[in-house]
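# Residue-level structural notes
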Amino acid sequence: MAVEIKVPTLGESIVEATVGAWHKHEGDPVTAGEVLVELETDKVTVEVTASGSGVLSRILKPDGATVTIGELLGVIAEKVEEPAMPLHDGARVTATPVARRLAETHGVDIAAIPGSGPGGRVTKDDVIRHGAGSPAPLPTEAVPAVTPHTPALTPATQPAPVPDDGRREERIRMTRRRQTIAARLVEAQRTAAMLTTFNEIDMSAVIDLRKRHRESFRERHGVGLGFMSFFTRAVIGALKAFPLLNAEIRGDEIIVKHYYDIGIAVSTDEGLVVPVLRNADRLSFAEIERSIEELAHRARESKLTIADLQGGTFTITNGGIFGSLMSTPILNAPQVGILGMHKIQERPVALNGQVVIRPMMYVALSYDHRIIDGREAVSFLVRVKELVEDPERLLLEG
């Protein structure tokens with residue numbers, strides 16, 4: 001009995017997807033629960049698994065096709081034992097139906113092809129590698145005769161080859177996630193009155209604290225003590241002091257949120273995603289570090305769910321891990337504030353009338369000027385600076 005492979009429910013408000021990559025070819029054996037194909041949505045990659053065992057008999061939607069919920073992607077046929085074929089040395093071989101048809105079409109002796117499939121099974125790719133990938137030549141009688149009205153091409157009339165001067169171009173299809181990222185970034189700049197303010201933070205105290213407690217922290221909690229937990233707690237402390245940065249605009253109303261779901265921007269091969277730390281104000285340093293590590297791992301493995309990405313009241317992004325010294329982050333709509341962290345760099349600074357060398361970090365706050373004035377934005381960033389430069393205050397105010 002045939003088993004249909006259909007597009008599953010993709011998540012709230014998501015109605016279509018793009019076929020990313022098939023993990024199987026037509027004619028390949030399939031086991032129930034095995035991943036068959038990946039679907040790219042606006043936010044996450046969804047794996048479609050086989051609901052039954054058999055042979056993938058048909059692929060109806062190839063890579064790059066746009067599909068909707070419930071649409072048929074392919075068909076799994078009941079597995080039928082195939083007749084074995086003798087090899088030259090008397091042994092026997094099995095082949096997929098597609099491989100057998102391809103070999104017959106191109107006159108290839110399938111018994112001479114080594115199989116790469118399970119149990120030495122010959123697949124379509126094996127036949128193609130053996131030389132059956134190009135169309136068969138037309139028979140002589142099918143070639144039209146040359147008439148005076150249809151002059152034959154001579155070397156002089158052949159199209160001239162394009163010289164290879166090194167000016168090569170490559171065409172790459174944008175993934176659905178990249179298209180969505182592009183659209184939302186443009187939308188954020190178009191709809192918000194976005195402005196950025198800057199400050200710098202002396203990271204000496206945090207670096208010293210991490211050095212003193214790094215090993216004991218890892219031994220006790222099983223996770224490293226990074227910079228993100230300090231900045232997450234500092235941001236929460238600043239949001240409590242300046243709640244408009246933890247709001248959004250809906251129509252003609254300002255919705256101020258008295259909970260703290262902090263988005264942490266994570267870079268992946270398919271683009272930037274922002275998983276959310278729920279109720280981050282209730283998490284300890286260890287819980288923050290552990291949650292960020294887990295979310296980042298799942299993001300890079302394309303294992304995030306829609307729920308991991310929804311919501312978020314404020315976002316933190318760290319371009320410093322790539323070497324960025326200063327940047328102006330773009331708002332993650334509908335949020336009205338985003339903090340940008342940057343590279344820590346030793347610089348000469350004036351301290352108590354003396355020039356000293358300190359590990360400094362520039363920080364940037366982009367905000368929506370429609371509801372946040374410069375006074376609140378600058379004061380917010382100053383509060384973040386004060387809390388990070390005096391980490392003990394994080395225990396009281398963060």
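Check the entry above for the structure.
Predicted model only: the values in this text are computed from it and were never measured.

Hydrogen bonding along the main chain pairs the strands of a sheet, whether they run parallel or antiparallel. Strand order in this open sheet of four strands is E5-E4-E2-E7, and the pairing throughout is antiparallel. Looking at which strands have only one partner, the edges of the open sheet turn out to be strand E5 (45-49) and strand E7 (66-68). Strand after strand, the sheet turns through a mean of 40 degrees between neighbouring axes, direction not considered. In this fold helix H3 (residues 176-191) packs onto strand E2 (16-22), strand E4 (35-40), E5 and E7, with an angle of close to 140 degrees to the strand it touches most, E2.

Here we come to the nonpolar core. With 74 residues, the main nonpolar core has Leu39, Leu73, Phe231, Ile262, Phe314 and Phe380 as its most contacted residues. Of all the elements, helix H5 (residues 228-241) adds the most residues to this core, at eight residues. Residues Ala99, Leu102, Ile113 and Val122 belong to the second largest nonpolar core, which totals nine residues.

Inspection of every chain in the model, using the stated rule, returns two aromatic pairs. Centroid distance phenylalanine 230 to phenylalanine 285: 5.1 Å. Interplanar angle 65 degrees. Geometry classified as edge-to-face. Taken together, the residues span a long stretch of sequence, with phenylalanine 230 in helix H5 and phenylalanine 285 in helix H6 (residues 285-300) at a distance of 55 residues. Exposure remark for phenylalanine 230: the relative accessible area of 2% places this residue in the buried category. Taking relative accessible area as the criterion, phenylalanine 285 reaches 15% and is therefore assigned buried. Judged by centre distance (5.5 Å) and plane angle (40 degrees), the ring pair of phenylalanine 314 and phenylalanine 380 falls under tilted.

Together, Phe198, Leu325 and Met326 give the surface a local cluster of nonpolar side chains, amounting to about 260 Å² of exposed area. Position of phenylalanine 198 among the secondary structure elements: in strand E11 (residues 194-202).

With respect to topology, four strands assemble into an open sheet ordered E1-E8-E6-E3, the strand pairing being antiparallel. Looking at which strands have only one partner, the edges of the open sheet turn out to be strand E1 (3-6) and strand E3 (29-30).

Another point: helix H8 (residues 374-389). For H8, which comprises 16 residues, the first-to-last C-alpha distance of 22 Å matches the rise-based estimate of 22 Å (1.5 Å per residue) to within 8%. For H8, the set of buried residues is Glu376, Ala377, Phe380, Leu381, Val384, Leu387 and Val388. Angular distribution of buried residues about the axis of H8 spans 130 degrees; they occupy a single face of the element.

With the rule as written, the count across this model stands at 18 salt bridges. Aspartate 208 is the partner of arginine 212 in a salt bridge, and the nearest nitrogen-oxygen pair spans 3.0 Å. Here aspartate 208 and arginine 212 lie together in helix H4 (residues 204-221), a separation of four residues that amounts to about one turn. Exposure remark for arginine 212: the relative accessible area of 52% places this residue in the exposed category. Under the relative-accessibility criterion, aspartate 208 is labelled partly exposed at 39%. Measuring nitrogen to oxygen at the nearest pair gives 3.6 Å for the salt bridge that ties glutamate 386 to arginine 383. In this pair, glutamate 386 and arginine 383 both sit in helix H8, three residues apart, roughly one turn of the helix. A relative accessible area of 23% places arginine 383 in the partly exposed class. By sharing partners, the salt bridges in this structure join Glu248, Arg250 and Lys257 into a single network.

Our focus in this paragraph is the environment of valine 336. Positionally, valine 336 belongs in the loop between strand E18 (314-318) and strand E19 (337-341). Residue classification places valine 336 among the buried positions, given a relative accessible area of 1%. Spatially, the C-alpha atom of valine 336 lies 9.3 Å from that of threonine 315, the residues being 21 residues apart in sequence. Excluding residues within four positions of it along the chain, valine 336 makes contact with Leu244, Leu245, Ala247, Glu248, Leu331, Ser366, Tyr367, Asp368, Ile371 and Ile372.

Attention now goes to the environment of glutamate 301. Assignment of secondary structure puts glutamate 301 in the loop between H6 and helix H7 (306-309). Taking the relative accessible area as the measure of exposure, glutamate 301 reaches 44% and is therefore partly exposed. Sequence separation between glutamate 301 and threonine 45 is 256 residues, and the spatial gap between their C-alpha atoms is 9.5 Å.

A few words now on H3. In this model, H3 (16 residues) spans 22 Å end to end at C-alpha, consistent with the 22 Å of a helix rising 1.5 Å per residue. Taken together, the buried positions of H3 are Arg176, Arg177, Thr180, Ile181 and Ala188. All buried residues of H3 fall inside an arc of 135 degrees around its axis, so they share one side. Facing away from the buried side of H3, by more than 90 degrees, are the exposed residues Val186 and Arg190. Among the structural elements, E2, E4, E5, E7, strand E15 (266-268) and strand E16 (271-273) are those in contact with the buried residues of H3.

This next bit is on the pairing of E4. Of the strand pairs in this sheet, E2 and E4 are connected by four bridges, and their pairing is antiparallel. Within E4, the position partnered with valine 19 by the bridge is leucine 39. For E4 and E5, the ladder comprises five bridges, and the chain directions are antiparallel. Within E5, the position partnered with glutamate 38 by the bridge is glutamate 47.

Definitions and cut-offs
- Residues numbered from 1 in each chain as written.
- Predicted model: local features only at pLDDT ≥ 70, side-chain atom pairs only at ≥ 80, totals over all residues.
- Heavy atoms only, no water.
- Pairing = 2+ DSSP bridges.
- Helix = DSSP H or I, 4+ residues; strand = E, 2+ residues; numbered from the N terminus.
- Axes fitted to C-alpha atoms, helices over the stretch in contact; angles between N-to-C directions.
- Contact = heavy atoms within 4.5 Å.
- Core = buried A, V, L, I, M, F, W, Y, C linked by side-chain atoms within 4.5 Å.
- Buried < 20%, exposed > 50% of the residue type's maximum accessible area, 1.4 Å probe, protein only.
- Phe/Tyr/Trp six-rings, centres within 6.5 Å; stacked < 30°, edge-to-face > 60°.
- Patch = residues over 30% accessible without salt bridge, like charges linked within 9 Å, V, L, I, M, F, W, Y side chains within 5 Å.
- Areas by Shrake-Rupley, 256 points an atom, 1.4 Å probe, with all protein chains shown as cover.
- Salt bridge = Lys/Arg side-chain N within 4 Å of Asp/Glu carboxyl O.
- Expected span 1.5 Å × (residues − 1).
- Arc of directions from axis to C-beta.

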